[in-house]
Amino acid sequence: MKKLLNKMDIWLLVIMIIYSIVGLIMIFSSSSVSTVLRYNVPQYHFFLRQAIFLLASFILGFLVVIRFPTSKYKFLIPLAIVGLIVALIGLLVYGGLTNNAKSWYDLGFFNLQPSEFAKSIIIVFLAVSYSRLEKKKVSNIYTFLIPVAMSLFIAVLIAMQPDFGTALIISGIVFFVFIGLPFVKENLVKILKIGGVAIVVAVLALLYSGTEIFNSRQLQRFEFRNPCSRYEENTGYQVCNGFIAIHNGGLFGLGLGNSSQKYLYLPESHTDFIFPIIVEELGLIVGIILIIGYMIMLWRILKIARQAENLKLSVLAYGVFLYLLFHILINLLGILALIPLTGVPLPLLSYGGSFTINVILMLFVVQRVCIENKTIKTKREMAKITN
């Protein structure tokens, strides 16, 4: 274990731990009222559950993920893809309805959200698929589109729940990973032509199918400007209360536990809207520090991706970078009314079982990439010396 720790990115590990602790504290603070008044459960309910999720995730990360070679992923990913598709199709029939979406399996002690794990499974799937194509020296551009088509099919299943936020994040990850491939860069013009034709065909198919793409409730989400002018409407209530929380906090905050907006003004105060509560209690300065910390985290991941010794390792790290980047941007821009609100949680700070486990395990995958980068580099340098 000591040898593995020496090869890990310590800065990334420290940030993971700090944000997990801060998130745990703020989840307790932000949910201490709603647990009793809204959910009718003990005050420590979400705090204890999040603590269990974090502990389980770090144990799995240290004992399994960083020890498990990425070369073994190719044996697991086919089963994972099939299992994911079956789980997503099953949700349409057996899934529990929460916030007008069928996104969870109620297992009693835990609500399993397959769409969260879809992000990590697709990242690994893309890494394994494109690594295999590179090794086979495939030159047919259409072959490179097969993993994209499979991934977008999964995104469509998620959009049908409906969960457009997650579907958008998956589509973004797939798009940017795809255009970042060396082979695709060399054939970018041809790819753009194929993509243009595909988009036109898809739009025409939707127009002539008579299918309602968005219902009235989903269309309301596009009314995101000036939320406080619609305070009594669903399109403005939560975001406006988020604004009030940020305004109340000022530079230095009202003090830990002293938020007024968590008194049911912000229904999702421990999940999607935890950042306004953090600013209200700890101040805008702390909020800015947290954003800077996210930037450092993303920079460390991107650095590991750029130093990758092969395409598979690069796609794994780059995919996690995109995953976290999209979550951070969509959450913060949504609560600031700069884009439509989609209900996307904030990495390591928001409450969520499936989300927390998935984020931490994928960060440990990045650590595994870092370990393999250094191992391969050391072997290469030793080989030069012996030769």
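Look above for the structure.
Figured I'd write up the structure that's included with this text. (Residues numbered from 1 in each chain as written. Predicted model: local features only at pLDDT ≥ 70, side-chain atom pairs only at ≥ 80, totals over all residues. Heavy atoms only, no water.)

## Thoughts on the side chain of Glu-372
Move 1: Mapped onto the secondary structure, Glu-372 falls in helix H16 (residues 353–386).
Move 2: You can call Glu-372 buried: its relative accessible area is 12%.
Move 3: Engagement of the side chain of Glu-372 in a polar contact is seen with the side chain of Arg-368, the distance being 2.9 Å. (Helix = DSSP H or I, 4+ residues; strand = E, 2+ residues; numbered from the N terminus. Buried < 20%, exposed > 50% of the residue type's maximum accessible area, 1.4 Å probe, protein only. Polar contact = N/O pair within 3.5 Å; in protein donor to acceptor, adjacent residues only side chain to side chain.)

## Section: the side chain of Ser-30
Move 1: Within the secondary structure layout, Ser-30 lies in helix H2 (residues 10–31).
Move 2: Take Ser-30: its relative accessible area is 0%, and that puts it in the buried class.
Move 3: A distance of 2.7 Å separates a polar atom in the side chain of Ser-30 from the backbone oxygen of Met-26.
Move 4: Excluding residues within four positions of it along the chain, Ser-30 makes contact with Lys-262, Ser-269, His-270, Ile-274 and Ile-277. (Contact = heavy atoms within 4.5 Å.)

## Quick word on a nonpolar patch on the surface
Move 1: Taken together, the side chains of Leu-251, Phe-252, Leu-284, Ile-285, Ile-288, Ile-289, Ile-291, Ile-292, Met-295, Ile-296 and Trp-299 define a hydrophobic patch exposed on the protein surface, amounting to about 1000 Å² of accessible area.
Move 2: With respect to the helices, strands and loops of the structure, Ile-288 is situated in helix H14 (residues 284–306).
Move 3: The class for Ile-288 is partly exposed, based on a relative accessible area of 43%. (Patch = residues over 30% accessible without salt bridge, like charges linked within 9 Å, V, L, I, M, F, W, Y side chains within 5 Å. Areas by Shrake-Rupley, 256 points an atom, 1.4 Å probe, with all protein chains shown as cover. Salt bridge = Lys/Arg side-chain N within 4 Å of Asp/Glu carboxyl O.)

## Digging into helix H8 (residues 164–179)
Move 1: Taking 1.5 Å of rise per residue, the 16 residues of H8 would be expected to cover 22 Å, and the 22 Å separating its terminal C-alpha atoms lies within 8% of that figure.
Move 2: Looking only at H8, the buried set comprises Gly-165, Thr-166, Ala-167, Ile-169, Ile-170, Gly-172, Ile-173, Val-174, Val-177 and Phe-178. (Expected span 1.5 Å × (residues − 1).)

## Points about the packing of helix H4 (residues 45–63) against H16
Move 1: Relative orientation of the contacting elements H4 and H16 amounts to 25°, with a least axis distance of 9 Å. In this view, H4 runs roughly parallel relative to H16, as classed from their interaxial angle. The handedness of the crossing between H4 and H16 is right-handed. Each of Gln-50, Phe-53, Leu-54, Ser-57, Phe-58, Leu-60, Gly-61 and Phe-62 in H4 lies in contact with H16, whose residues at this interface are Gly-353, Thr-356, Ile-357, Ile-360, Leu-361 and Phe-364.
Move 2: Taken together, the residues that form the contact of H4 with H16 break down as nine nonpolar, five polar and no charged. (Axes fitted to C-alpha atoms, helices over the stretch in contact; angles between N-to-C directions. Parallel < 35°, antiparallel > 145°, perpendicular 65-115°, else oblique. Left-handed = near helix turned anticlockwise from the far one by under 90°. Nonpolar A, V, L, I, M, F, W, Y, C, P; charged D, E, K, R; others polar.)

Read these as layout, nothing more, since geometry by itself doesn't imply function.
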